[in-house]
Amino acid sequence: MNRSKIFGTTALGLGLLASMAVVPASAADSTADARSAERHAASIAAYQGSAEDQANTRAFFEAVIKSAKAKQKATGAAAVTVTYDASGAPTFASEIANSTAVWNSSVSNIQLQEGSNADFDYREGNDPRGSYASTDGHGHGYIFMDYAQNQEYDSNRVASHETGHVLGLPDHYEGPCSELMSGGGPGPSCTNDRPDANESAQVDQLWAGGFKGLKKSELVTAR
């Protein structure tokens, strides 16, 4: 838990209350609205992450494909199964399980399951960039769940959104709340944790035919 951020927010709130006592109501409302807009913009920026994260997601997706494809070839299975390890993010165990259920019920050409010899893992902690999907550069990817961000945004949405990157979807922050990959764009009030029909169709198309339909040109470059 990022206690410093919690207390910082509390201190700011007290400061706003003090200022409202000495300025006209209209001016106070204007100041509060402006500061609220600034905080919202900062929150979206944190949700989006850095250009480095965006570049890493392409490598992450490629790493997951390579790992899943190798296991599929070894077992001879027709369906594509991507395995994950959630032990590194115990605080978000229920949100991760919910994300798995959401995606497994939304697509048919690929399924997620928790298990050993994982294709990727979940981690948790504090990071000023917020939550993100990334790779270690050595053929293994992970999803990082940031404590502070998950205090502001709905954790089920964050987990499902980041898992969407594992399945190949790019960000689309300009989209409405009904789009899962719009992420933090619609603001903290958005709690939708499910992909819309178009997003589900994109994932099924990417993973159609057990990798046979997957082309290099289709690999995404987004966080």
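In case you missed it, the structure is sitting above this.
Everything numeric in this text was worked out from a predicted model, so none of it was measured.

What counts and how
Residues numbered from 1 in each chain as written. Predicted model: local features only at pLDDT ≥ 70, side-chain atom pairs only at ≥ 80, totals over all residues. Heavy atoms only, no water. Phe/Tyr/Trp six-rings, centres within 6.5 Å; stacked < 30°, edge-to-face > 60°. Helix = DSSP H or I, 4+ residues; strand = E, 2+ residues; numbered from the N terminus. Buried < 20%, exposed > 50% of the residue type's maximum accessible area, 1.4 Å probe, protein only. Lys NZ or Arg CZ within 6 Å of the ring centre and 35° of its normal. Pairing = 2+ DSSP bridges. Disulfide = S-S within 2.5 Å. Salt bridge = Lys/Arg side-chain N within 4 Å of Asp/Glu carboxyl O. Expected span 1.5 Å × (residues − 1). Axes fitted to C-alpha atoms, helices over the stretch in contact; angles between N-to-C directions. Parallel < 35°, antiparallel > 145°, perpendicular 65-115°, else oblique. Left-handed = near helix turned anticlockwise from the far one by under 90°. Contact = heavy atoms within 4.5 Å. Nonpolar A, V, L, I, M, F, W, Y, C, P; charged D, E, K, R; others polar.

Participant: Could you clarify how one ought to interpret the packing of aromatic side chains in this entry?
Facilitator: Two numbers describe a pair of aromatic rings. These are the distance of the centres and the angle of the planes. In the structure shown here, the tally under the stated rule is 6 aromatic pairs. Between Y84 and Y122, the aromatic rings sit 5.6 Å apart at their centres with planes inclined by 85 degrees, giving edge-to-face as the arrangement. Highlighted residues: Y84 in strand β1 (residues 80–85) and Y122 in strand β3 (residues 120–125), separated in sequence by 38 residues. Taking the centre distance of 6.3 Å and the plane angle of 25 degrees together, the rings of F92 and Y147 count as stacked. Within this pair, whereas F92 is found in the loop between β1 and α4 (93–106), its partner Y147 is found in helix α5 (residues 147–152), the two being separated by 55 residues in sequence. Under the relative-accessibility criterion, F92 is labelled buried at 4%. Members of the aromatic cluster, each reached through a chain of ring pairs, are Y84, F120 and Y122. The aromatic ring of Y142 is capped on one face by R123, whose charged end is 3.9 Å from the ring centroid. Positioned over the ring face of Y132 is R129, at 4.3 Å from the centre of the ring.

Participant: So what exactly am I meant to see when it comes to the pairing of β3 here?
Facilitator: Summarising burial for β3: 5 of the 6 residues are buried, a large majority. Direction of pairing for β1 relative to β3: parallel, over a ladder of 2 bridges. Residue pairing across strands places Y84 opposite F120, the latter belonging to β3. With 6 bridges connecting them, β3 and strand β5 (residues 141–146) associate as parallel partners. Each residue of the ladder has a partner; that of D121, found in β5, is Y142.

Participant: Explain the state of the cysteines here, please?
Facilitator: Here, the word disulfide means a covalent bond between the sulfur atoms of two cysteines. Evaluated as defined, the whole model comprises 1 disulfide. Across a sulfur-sulfur distance of 2.0 Å, C177 and C190 are joined as a disulfide pair. Between C177 and C190 the disulfide shows an S-S torsion of about 85 degrees. By sign, it is right-handed. Highlighted residues: C177 in the loop between α6 (155–166) and α7 (197–206) and C190 in the loop between α6 and α7, separated in sequence by 13 residues. Looking at C177, the relative accessible area reads 28%, which means it is partly exposed.

Participant: Explain the pattern of salt bridges to me, please; I cannot follow it from the model alone.
Facilitator: Note that side chains of opposite charge can pair when their charged atoms are close. Per the stated rule, a full pass over the model turns up 2 salt bridges. In this structure, R129 and D127 form a salt bridge, with 2.9 Å as the shortest nitrogen-oxygen distance. Judged by its relative accessible area of 27%, R129 is partly exposed. Judged by its relative accessible area of 13%, D127 falls in the buried class.

Participant: Could you clarify how one ought to interpret α6 in this entry?
Facilitator: For the α-helix, the turn length of 3.6 residues means that residues three or four positions removed from each other point alike. Its 12 residues place the ends of α6 17 Å apart at the C-alpha level, agreeing with the 16 Å of an ideal helix rising 1.5 Å per residue. For α6, the complete set of buried residues consists of S155, R157, V158, A159, S160, H161, E162, T163, G164, H165 and V166. Once α6 ends, the next one or two residues include G168, with phi positive near 110 degrees.

Participant: Teacher, can you tell me more about the packing of α4 against α6 here?
Facilitator: Helix packing geometry: the angle between the two helix axes and the distance between the axes. Here α4 crosses α6 at 55 degrees, and the two axes come no closer than 8 Å. By the angle class used here, α4 and α6 are oblique. The way α4 lies across α6 gives a crossing that is right-handed. Contact residues: α4 offers E95, N98, S99, V102 and W103, while α6 offers S155, N156, A159, S160, T163 and G164. Tallied by class, the residues present in the contact of α4 with α6 amount to 3 nonpolar, 7 polar and 1 charged.

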